[in-house]
Amino acid sequence: MAGNLLLNSPHMLQKISLSPVMLRLMQEAIKAEPDFAVMGETIRLDPALATTVLNLVNSAFYGLPQKVTDLNRAALVLGSREILKVAVSMTLHKDLESGFPDCHYDFYPDWRLIVWSSIAAELLAARLCPKQADHAYLCCLLKDVSLLFLRCAAKEYLCEPEQRDRMTVLGRGQLAREAEAWGMHHGALSQTLLARWGIPAEMCECVRFHHAVDALADQPPLTQAVILATQWSEMELGHASGPFGVVQFEGLLRTVLGLSEREVDALRAECLGKFRSMLASLGIAEGEENRTYYRHSVKAMQGYCFLSMDLLTAEGGLSSVARVLGKHIKLNWDVKNWDVALKSPHGPGYRLFHLTQQGNLERTEGLLELGSIPWRIRSQSLEIMSSGKSLGRLRLGESNLSQEDQDNLTLYLRFFGQGFEHYSARQAVLEEKALAFDKIPIGVARLDAKGRVVESNRKLDEYLGLDAPAKGRALCELLPVRLPGDSGGEFAAFMADGARKRFGKIDYFLDKDEHGAPRDGALYLSAHREEDGGVLALLEDLRELSEVEVQTLRRKGFLERLMGSMHELVLTVAPGGAIEYCSQPELGLAGRDFLEVFTPAGCCAQLWGPQLLGTEGQPHVEAMLCGPGGAKLSFELSFAPLGGKAGGAGAGGAANLRECLVVGRDLTQIRRLEAKLKVRAMIDGLTGLYNHYQFHTTLEREVARCRRTGRSLGLVFFDLDKFKAVNDGQGHLAGDDVLKTVGAMLLGQVRQGMDFPCRYGGDEFAVILTEVDEERLGAIARRVVQDVRGQCGGLVTVSLGFSMLRAEDTPQSLLKRVDNLAYSAKASGGDALVGG
């Protein structure tokens, strides 16, 4: 095991160890107060390092007004910790570049990722945990040290090292493969090395979990900064899950940091500026222009992301995809003549489409190989790719695009490529289902309420001997082609009688084999009426029954495997209510009573009982199941009694039960998501109070309730005095703390279920109070003024207005009056309240 080899082999540990200069600098970096004398002495041991540090200090990265010529002056201007951070970065770069001359590996792509993530981690930590910002920088600098050193010193232990040009980008399934091969993943391996080098445990933990995006909310702020920075670098430098992921990640940043879109753009611009300056000082180029996303604005990427979503609803094959592409490039770049070759979802070939000057879309017949496409337009091809795979080529006709337009078109094609990849996967599944439908060894037809064929498979056409597809024709008129004449009439009578749910009939006739010799034929026609009035018709060749019987045991095993692979839960329930079969054995349901293991949701309690298992036509029911470990699982259950007579009385003798098929659709994730979305739609994420929208909804509802019941209602409205000075003087984090304090104070004062504290917007708050008189309303208003003054230490105060609901009031007039009263309090100098 590579992990054990590293931990137990002194020779290997020495081979991949950091240089003495790097180790001394790291020891200073983790101190609360670095010793500049030790740091300066260490840096001066390496004149090239000292020169490089000064070059970076004088670069645009820091923007100093005057040139700095010695380390002492640099430390005085920027601080010892900043100089130390620069020195550590430079030394690690030098250790990787010069420490392994026989490595023959291009570290520059990895180093770009390391630089971006380190700078990003520091900026993120400055907002999440300001006192640990320097530690976040160091953690991201060293998080992948195990991979990089192994690549140089023990490449044979890496998982597929030759197939990856960037060791620090997380590959699909990489952590699992590392754990299997080494006994630990590379984050844990880096953590172990850093611990041996004297790095504090808290920082080592960050390194261990730097890829744990799914567990982000459960991590401490420092680890969150490192996780986000790691993900950010892979997104912006074009190595992660495609362009959709970049747009989604920007949304994640806004959520975690509580920033606006403009503030995230400013943070991104700051990170980009420092990233470019650091690369320039290290002598590293920015890399492939067509791969990185940071060259484009978030707004542009969001726009192209929304455009590419048109493909998710495209129908009509590759022609519809080509039309979507043509519409987009015409609207955005005024290109009206083009060729596009699109990869078929079902094979290696390409379809070629051409848009003429007259706006007609023409398709070249047949699937083509990429190297033999008969292009009509001779311009250079633009690549359409996703996940590293070619999905097509685009050639533009007469166009005069600027360099900026060409860059934007290239960016759009990256989004289009990922959308096309999703479309191809969806289309392939649909067509494979259609193919499977045609291969079913039974004739199947879905009919509308009038008996016309909506869709059918080829077996039905074969059994009935049809020359043309059955779609659109009445099945009762098609049956006499092969079956006796009375069969069509009997089926027509079934269709006319809406009360009949099922139809079944066996017909014998004289048939011919493949050589034209006469033989007996037998077909079983059955039909089942659906809730919407449509009918499912089945036609089965009874001559094949003997073969079916021979294969029964084999098919039983296949069906059990098929049930086990389904996402839905499939149960069979015996007449007494005991569960006989469960497609998910890990739930431990076999042998238990169905009505006891499931608990109905509140809205379905009246429907719950033995009748669900005993009679047909039961509605879908939502119920809860206690799964392994006590987890609550939510299912939507549908019931279908199986053949046979009813059994004995069910629980309490309420109904006769039959053997029943129960299919459960797992709603657990949907219900959890619904709960989260409901909270987010109502609650202000910063203060925990009701948000602006919920304030207006609640005020309208409570005013209407007061009108009906005659009960009283009061409204308090206030904003914070001197809040702008806090934001401007101490920063937005300090302002956020003030808002959180006020929110917590309001939540502590109100009566749950009767009063509704809200954040109206910015630094404005409101409280809706029900069943309150004027005296109590005034007392609450005075307490708000006093508590804000006391809990915020005079940093902010409030200007507050309050009033009772009057007979002539509407919600709008009440809010306007109280707002004006608050404005009067503000005009009087603030830290005051005015009632009316």
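Residues numbered from 1 in each chain as written. Predicted model: local features only at pLDDT ≥ 70, side-chain atom pairs only at ≥ 80, totals over all residues. Heavy atoms only, no water.

Chemist: Which residues make up the overall build of the protein chain, and what values do they have?
Modeler: Regarding its fold elements, the protein chain presents 32 helices and 21 strands. Counting across all 836 residues of the protein chain, residues that qualify as buried make up 47%. Across the protein chain, contacts joining residues at least 24 apart in sequence account for 56% of those joining residues at least 6 apart. For the protein chain, the exposed surface amounts to about 41200 Å²; the carbon and sulfur share of it is 52%. (Helix = DSSP H or I, 4+ residues; strand = E, 2+ residues; numbered from the N terminus. Buried < 20%, exposed > 50% of the residue type's maximum accessible area, 1.4 Å probe, protein only. Contact = heavy atoms within 4.5 Å. Areas by Shrake-Rupley, 256 points an atom, 1.4 Å probe, with all protein chains shown as cover.)

Chemist: Quick rundown of the environment of Glu-369? Include the residues and the values.
Modeler: Of note, Glu-369 is situated in the loop between β3 (361-368) and β4 (382-386). Remark: the alpha-carbon pair of Glu-369 and Tyr-350, spanning 19 residues in sequence, is separated by 6.2 Å.

Chemist: Would you mind going over the pattern of salt bridges in detail, with residue names and values included?
Modeler: Applying the stated criterion across every chain yields a total of 23 salt bridges. A salt bridge links Glu-236 to Arg-268, with the shortest nitrogen-to-oxygen separation between them at 2.6 Å. Of this pair, Glu-236 sits in helix α14 (residues 221-236) while Arg-268 sits in helix α16 (residues 261-282), placing them 32 residues apart in sequence. The exposure classification of Glu-236 matches that of Arg-268, with both residues buried. Arg-363 serves as the salt-bridge partner of Glu-365, at 3.4 Å between the closest nitrogen and oxygen. (Salt bridge = Lys/Arg side-chain N within 4 Å of Asp/Glu carboxyl O.)

Chemist: So what about the layout of surface pockets? Which residues, and what values?
Modeler: Counted as a void, the second largest pocket has a volume near 990 Å³. Forming the walls of the second largest pocket are 30 residues, and the residues nearest its centre are Leu-257, Gly-258, Leu-259, Leu-686 and Asp-736. Of all the secondary-structure elements, those providing two or more residues to the lining of the second largest pocket are α8 (108-128), α15 (243-257), α16, α27 (668-682), α29 (723-730) and α30 (732-749). Counting residues per element, the lining of the second largest pocket draws most heavily on α30, which supplies 6 residues. (1 Å grid on protein atoms, 1.4 Å probe; cavity = no way out; pocket = protein on both sides within 12 Å on 5 of 7 lines; lining within 4 Å. Points joined across faces, edges and corners; volume = space filled by probe spheres on them.)

Chemist: Summarise the packing of helix α12 (residues 186-196) against helix α13 (residues 201-208); cite the residues concerned and give the values.
Modeler: Axes are the key here: two packed helices are described by the angle between their axes and the distance separating the axes. Direction vectors running N to C along α12 and α13 enclose 160°, while the axes themselves pass 7 Å from each other. As judged from the angle between their axes, α12 and α13 are roughly antiparallel. The two elements α12 and α13 cross, and the hand of that crossing is right-handed. Listed contacts from α13 to Gly-187, Ala-188, Ser-190, Gln-191, Leu-194 and Ala-195 of α12 are Cys-204, Glu-205, Val-207 and Arg-208. Of the residues in the contact of α12 with α13, the class split is 5 nonpolar, 3 polar and 2 charged. (Axes fitted to C-alpha atoms, helices over the stretch in contact; angles between N-to-C directions. Parallel < 35°, antiparallel > 145°, perpendicular 65-115°, else oblique. Left-handed = near helix turned anticlockwise from the far one by under 90°. Nonpolar A, V, L, I, M, F, W, Y, C, P; charged D, E, K, R; others polar.)

Chemist: Any chance you could break down the pairing of β4 for me, citing the residues and the numbers?
Modeler: For β4 and strand β5 (residues 389-396), the ladder comprises 5 bridges, and the chain directions are antiparallel. Looking across to β5, one finds that Leu-382 is bridged to Leu-394. Linkage of β4 to β5, two consecutive antiparallel strands, is achieved through a turn of 2 residues, within which Ser-387 is found at a positive phi near 55°. (Pairing = 2+ DSSP bridges.)

Chemist: Which residues make up a nonpolar patch on the surface, and what are the values?
Modeler: Taken together, the side chains of Phe-306, Met-309 and Leu-312 present a nonpolar region at the surface, about 310 Å² in accessible area. Assignment of secondary structure puts Leu-312 in the loop between α17 (298-308) and α18 (318-333). (Patch = residues over 30% accessible without salt bridge, like charges linked within 9 Å, V, L, I, M, F, W, Y side chains within 5 Å.)

Chemist: Mind laying out the sheet that holds strand β15 (residues 632-641), listing which residues take part and the relevant values?
Modeler: What the 6 strands build is an open sheet, ordered β12-β11-β16-β15-β14-β13; its pairing is antiparallel. A strand with exactly one partner marks an edge of an open sheet, and here the two such strands are β12 (579-582) and β13 (598-600). Put simply, the sheet's adjacent strands are angled 35° from each other on average, direction ignored. Note that strand β11 (residues 569-573) and strand β16 (residues 660-666) share 5 bridges and pair antiparallel. Each bridged residue has a counterpart across the sheet, and for Leu-571 the counterpart in β16 is Val-662.

Chemist: Hey, could you go over the environment of Pro-345 for me, with residue numbers and the actual values?
Modeler: Its location among the elements puts Pro-345 in the loop between β1 (338-343) and β2 (350-355). Residue Pro-345 is classed as partly exposed on the basis of its relative accessible area of 24%. Between the alpha carbons of Pro-345 and Ser-424 there is a distance of 4.9 Å; along the sequence they are 79 residues apart.

Chemist: Kindly report on the pairing of strand β17 (residues 713-721), identifying the contributing residues and their values.
Modeler: Taking burial as the measure, the 9 residues of β17 include 9 buried ones, the bulk of the element. Judged from the 7 bridges that link them, β17 and strand β19 (residues 764-770) form a sheet pairing that is antiparallel. The residue of β19 that forms the bridge with Asp-719 is Glu-764. Two elements, β17 and strand β20 (residues 797-804), share 8 bridges in a ladder whose sense is antiparallel. Looking at β20, one finds that Asp-719 is bridged to Ser-799.

Chemist: Please provide a residue-by-residue account of the nonpolar core, values included.
Modeler: Ranked by internal contacts, the top residues of the largest apolar core, which has 125 residues, are Trp-338 and Leu-342. Residue contributions to this core peak at 11 residues, all from α8. Residues in contact with Trp-338, not counting those within four places in the same chain, are Ala-322, Gly-326, Ile-329, Phe-353, His-354, Leu-355, Leu-361, Ile-377, Leu-394, Arg-395, Leu-396 and Gly-397. Core analysis: the second largest hydrophobic core is formed by 28 residues, Leu-689, Phe-723, Val-767 and Phe-802 among them. (Core = buried A, V, L, I, M, F, W, Y, C linked by side-chain atoms within 4.5 Å.)

Chemist: I'd like a description of helix α9 (residues 133-142), backed by residues and values.
Modeler: Of all 10 residues that make up α9, 8 are buried, and the element is covered over most of its length. Considered for burial, the residues of α9 that qualify are Ala-133, Ala-136, Tyr-137, Leu-138, Cys-139, Cys-140, Leu-141 and Leu-142.

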